[in-house]
Amino acid sequence: MKKVLFYTNQFFGQIGGEEAAYTEPQIHEGPKGNANAFAPQLKDAKIVATILCGDNYYAENMETCRAFIREQVEAYHPDMLLAGPAFNAGRFGIACADACAFVQEQLGVQSLTAMYEENPALEMYRKSIYIMQAGKSAASMTKDAKRMADFANKLLAGEPVGLPKEEGYFPKGRRINVFAEKNGAVRAVDMLLAKIKGEPFETELEISMYDKVQPSTPVKDLRKAKVALLTSGGIVPRGNPDHIPAATAKVWGRYDLSGMTRLDAGDWESVHAGYDPVYANDDPNRVAPYNTMKELEKEGIIGEVYPYLCSTTGNSTSVADATRMGDEMVRQLKADGVEAVILTST
Amino acid sequence: MSLELRKVQVKDVVLGKENRFADGILFIDTGELETLIMEDQRIRSVSFDLARPGESARILPVKDVIEPRAKLEGGSTFPGMLSEKMTAGGKGITYALKGCVVTTTGPIVGFQEGLIDMSGPGADFTIFSRYINIVMIIDKHDDVNPHEHEEVVRVAGVKAAQYIGQIAVGCEDYEKTVYEWPAIGERYAMYPELPKVAYVCNCMSQGLLHDTYFYGRDTKKLIPAMVSPLEFMDGALVSGNCVSPGSKTTTFHHLNNAVIDELFHRHGKDLNFVGLVLNPMMVTLKEKYRGAMLVAELVESLGVEAAIITQEGFGNPTTDLMMACKNIEEKGVKTVIVTNEDAGTDGMSESLPDMVKEADAIVTTGNSNATILLPKVDRVIGKLEDIERVTGGNVDSIKPDGTLLVEIHGIMGSHNLQGNTLLTAITV
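Residues numbered from 1 in each chain as written. Chains lettered and ligands numbered in written order. Predicted model: local features only at pLDDT ≥ 70, side-chain atom pairs only at ≥ 80, totals over all residues. Heavy atoms only, no water.

J.: Can you explain the overall build of chain A? Please cite residues and give values.
T.: Helix and strand counts for chain A come out as ten helices and 13 strands. For chain A, the spread of C-alpha atoms along the principal axes amounts to about 80 × 50 × 35 Å. Put simply, chain A has 346 residues, and 52% of those count as buried. Of the contacts formed within chain A by residues at least 6 apart in sequence, a portion of 72% connects residues at least 24 apart. Within the structure as shown, chain A displays about 16,400 Å² of accessible surface, and the carbon and sulfur contribution to it stands at 51%. Side-chain charges of chain A comprise 38 positive and 46 negative groups, with the mean position of each set lying 2 Å from the other. (Helix = DSSP H or I, 4+ residues; strand = E, 2+ residues; numbered from the N terminus. Buried < 20%, exposed > 50% of the residue type's maximum accessible area, 1.4 Å probe, protein only. Contact = heavy atoms within 4.5 Å. Areas by Shrake-Rupley, 256 points an atom, 1.4 Å probe, with all protein chains shown as cover. Lys, Arg positive; Asp, Glu negative; His and termini not counted. Charge placed at Lys NZ, Arg CZ, Asp CG, Glu CD.)

J.: Pulling in residues and values, what's your account of the overall build of chain B?
T.: Counting its secondary structure elements, chain B contains eight helices and 26 strands. On C-alpha atoms alone, chain B measures out to a radius of gyration of 21 Å, which is about the 22 Å that the 2.2 N^0.38 rule sets for 428 residues. Dimensions along the principal axes, computed over C-alpha positions, put chain B at roughly 55 × 50 × 40 Å. Put simply, 80% of the contacts in chain B that link residues at least 6 apart link residues at least 24 apart. Carbon and sulfur atoms provide 50% of the accessible area of chain B, an area that totals close to 14,300 Å². (Rg over C-alpha atoms; globule rule 2.2 N^0.38 Å.)

J.: Outline the interface of chain B and chain A, supporting the account with residue identities and numerical values.
T.: At the interface, 77 residues of chain B touch 59 residues of chain A. Both faces considered, chain B and chain A share a buried interface measuring about 5,600 Å² in area, 64% of it formed by carbon and sulfur atoms. For the interface between chain B and chain A, the tally reads five salt bridges. In this structure, B:Glu341 engages A:Arg175 in a salt bridge whose closest nitrogen and oxygen atoms are separated by 2.7 Å. Our count for the contact surface shared by chain B and chain A stands at 34 residue pairs in polar contact (both at pLDDT 80 or more). Residue assignment for the side of chain B that touches chain A shows that the elements contributing at least two residues are α2 (146-167), α6 (258-266), β20 (306-310), β21 (334-341), β22 (362-367) and β26 (423-427) of chain B. Residues belonging to the side of chain B that touches chain A are distributed by class as follows: 35 nonpolar, 25 polar and 17 charged. As paired elements, strand β7 (residues 175-179) of chain A and β26(B) share five bridges and run antiparallel to each other. (Buried area = accessible area lost by both parts, 1.4 Å probe. Salt bridge = Lys/Arg side-chain N within 4 Å of Asp/Glu carboxyl O. Polar contact = N/O pair within 3.5 Å; in protein donor to acceptor, adjacent residues only side chain to side chain. Nonpolar A, V, L, I, M, F, W, Y, C, P; charged D, E, K, R; others polar. Pairing = 2+ DSSP bridges.)

J.: Describe the packing of aromatic side chains, listing the residues and the values that go with them.
T.: The full count for this structure, using the stated rule, is 19 aromatic pairs over all chains. An angle of 80° between the planes, with centres 5.9 Å apart, marks the rings of A:Tyr7 and A:Tyr58 as edge-to-face. Of this pair, A:Tyr7 sits in strand β1 (residues 2-9) while A:Tyr58 sits in helix α1 (residues 55-60), and the two are 51 residues apart along the sequence. Assessed through its relative accessible area of 1%, A:Tyr7 is described here as buried. Classification of A:Tyr58 as buried rests on a relative accessible area of 1%. Pairing B:Tyr95 with B:Tyr174 gives two aromatic rings, centres 6.0 Å apart and planes at 80°, and the pair type is edge-to-face. One end of the pair, B:Tyr95, is in strand β9 (residues 92-98); the other, B:Tyr174, is in the loop between α2 and β13 (175-180), and 79 residues separate them in sequence. Members of the aromatic cluster, joined through ring pairs, are A:Phe11, A:Phe12, A:Phe87 and A:Phe92. The ring centre of B:Tyr213 lies 3.6 Å from the NZ or CZ of B:Arg154, which sits over that ring. (Phe/Tyr/Trp six-rings, centres within 6.5 Å; stacked < 30°, edge-to-face > 60°. Lys NZ or Arg CZ within 6 Å of the ring centre and 35° of its normal.)

J.: Pulling in residues and values, what's your account of helix α3 (residues 90-107) of chain A?
T.: Think of an α-helix as 3.6 residues a turn; residues three or four steps apart then line up on the same face. Residues and elements named next belong to chain A. Here α3 contains 18 residues, and its C-alpha end-to-end distance of 25 Å stays within 8% of the 26 Å for a straight helix at 1.5 Å per residue. Phe92, Gly93, Ile94, Ala95, Cys96, Ala97, Asp98, Ala99, Cys100, Ala101, Phe102 and Val103 are the residues of α3 that are buried. Where α3 is buried, its residues contact β1, α1, α2 (62-76), β4 (80-83), β5 (110-115) and α4 (121-125). Of the residues flanking the end of α3, it is Gly108, one or two places downstream, whose phi is positive at about 70°. (Expected span 1.5 Å × (residues − 1).)

J.: Outline the sheet that holds strand β2 (residues 12-16) of chain B, listing residues and values.
T.: Residues and elements named next belong to chain B. In space, the three strands of this open sheet follow the order β2-β4-β3, with mixed pairing throughout. Each edge of the open sheet is held by one strand with a lone partner, namely β2 and β3 (20-22). When strand polarity is set aside, the average angle formed by the axes of neighbouring strands in this sheet is 15°. Sheet topology note: the β3/strand β4 (residues 25-29) ladder contains three bridges and is antiparallel. When the sheet's bridge partners are listed, Phe21 is paired in β4 with Leu26. Set on the sheet, helix α1 (residues 30-37) makes contact with β2 and β4; between it and β4 the angle comes to about 55°. Of the strands in this sheet, β3 and β4 are in contact with α2, which crosses β4 at around 125°. (Axes fitted to C-alpha atoms, helices over the stretch in contact; angles between N-to-C directions.)

J.: Outline the side chain of A:Arg126, supporting the account with residue identities and numerical values.
T.: Summarising the element assignment, A:Arg126 is placed in the loop between α4 and β6 (130-133). Those residues in contact with A:Arg126, other than ones at most four positions away along the chain, are A:Ile131, A:Phe170, A:Pro171 and A:Lys172.

J.: How would you summarise unusual backbone geometry if you had to cite specific residues and measurements?
T.: The residue after A:Gly84, namely A:Pro85, is reached through a cis peptide bond having omega 0°. Here A:Pro85 lies in the loop between β4 and α3. The step from B:Leu60 to B:Pro61 runs through a cis peptide bond, and the omega angle for that step is -5°. Tracing the sequence through the fold places B:Pro61 in strand β6 (residues 57-62).

Below you can see the structure in the form of structure tokens.
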């Protein structure tokens, strides 16, 4: 028999309404309040205890609440934490999702909650835990409890989890490859005909809109500034000592250029698979113009050129990896007193 | 314009000392073929091998895959590639050998060459595992530079495909399909009750191993142009061994363009296939603006209601794709675009580096960054170590137990952006 720990709030735990929203966390043996809607539907599992907590208290005392939950997990050794459903209640949503994320990430306990699609907690936690679709208000409690219990039974039994639509959970945002029944061309024609007729169709990839990078304020006095050269053009010392891959790079290299006034052909090469590298190999300065930077330094236009080349291959690199590498580079450059950067692409 | 394709089913291939096609068995005189290939004095050596579906075999680094073809009346199967004289593609009678392909390999030219597994999990990710691969291993002389090296293997590939195609010319056992492409006014007037549809085919035009050839002309020297789909089917387009292996549009893909196939299949039933625009995607922003502008003008001039846009490559070409989509939609023409995605090995990143709000109907051919563990195979045709240098591989790809951990990017045509694959991606 698997053990389930239940989490609910003051209202559904039948302590009180808004006036009881500061109720401190408490534990009750067995199912209490709306946990009773779940208990009869769990297969080969029982609700061993119910945690009750006021929504305001949780929102304002998260660490205390997590510590309380940890104590209960250590006492009851549950196989799962079931929380909610939170419907469209924002604070309750955050409490449910936070409790779930905490036990799952910190204590390795499977968790499950549910809420309405506009609940603000959804976007905050959907990437890390299973959040199921629930109604807007408690009117759908019976229906939601049934769907949650069905999915909980599946998770507890270790059965393979179906797609978000089939199971009723919100997609976590992870793209996985699958084989379709029709090839891409046939699907494209089908989608086009639906679009022409004004029939509903589903794009296979949602439009994402990216953060616009705000340009920094101009360098006050370039003649005194330390300027670095960065490239996503894959220029590396010959032999590629850091093994930067030709595509999908997750690493970048920082190469000492002290004493050099240019990148000499033969000593440097392009390992980037996304463009014709012949001309870059003939003259690596074409992609990473260190020679020009040094000339500008000599002419006094740039105060000082940072004596390292920071380089990676920007080719099929995911936006997430590119953003992370950019952050890493900036940390290093800031520590080294660099004020401005020239970033060359291909 | 009318093209008769005679599809000949090849059940087996025998490499030997005679050219003959009988009972579905293709006999190839490799000695004579070698002599033909060696006419190019830049080649040091050429040899041949076979890899059959289901075999524990891996071919790499693969440059191009070509379907063997030949014209009944003679003339060039890949016009503009092998002779000075120009004949238009898409006319007359062409023999197409089904069930086998010419696969070019040999020392690596660049990072864009891929692998084909004939069995195991990797075989599911490439259509070429379903064909008998007639593998041509080409080695060049030391003084041949990378650009010439690419040309050497490209030309040798189409030469071999034409030579092998000619063996089946005259064979009586074939399946015939006749494709018609009347003058534009007639096409426009057909099926007035059905929606008029165009196809925009983006092709890479960006330098070594990123090029496409149209009647032998480097598409970097082309602007967007109206082309007949029958020309596509009949050898007017040859791959410059383009782009990373997974998103590679091989010459095979051009000859068997999946979108053209489907548009002809639905022509007269669900839609009226009115025209095709070839859009070379170049490196500079000005070229991209020019290309996207001209593509939209050409599509508008066709008077269509909707268009499918397919892609080749990723990264900067995504910008070409999005610009074309936006410009065409702004003409009031509805679009669907076909692209792969780079969502990271964990699938948690944004999928594309560029996006426009008009791109509300996208078909995805999968996340190219997803990894796959390929088992050790009995036989490697080519050089396994090259996986460390190509797209989709890295220095840790070859595991101590002989298995291979690669991104599906490294597998030939795994997420072909003309939609010639079942692969797609979903969000979980």
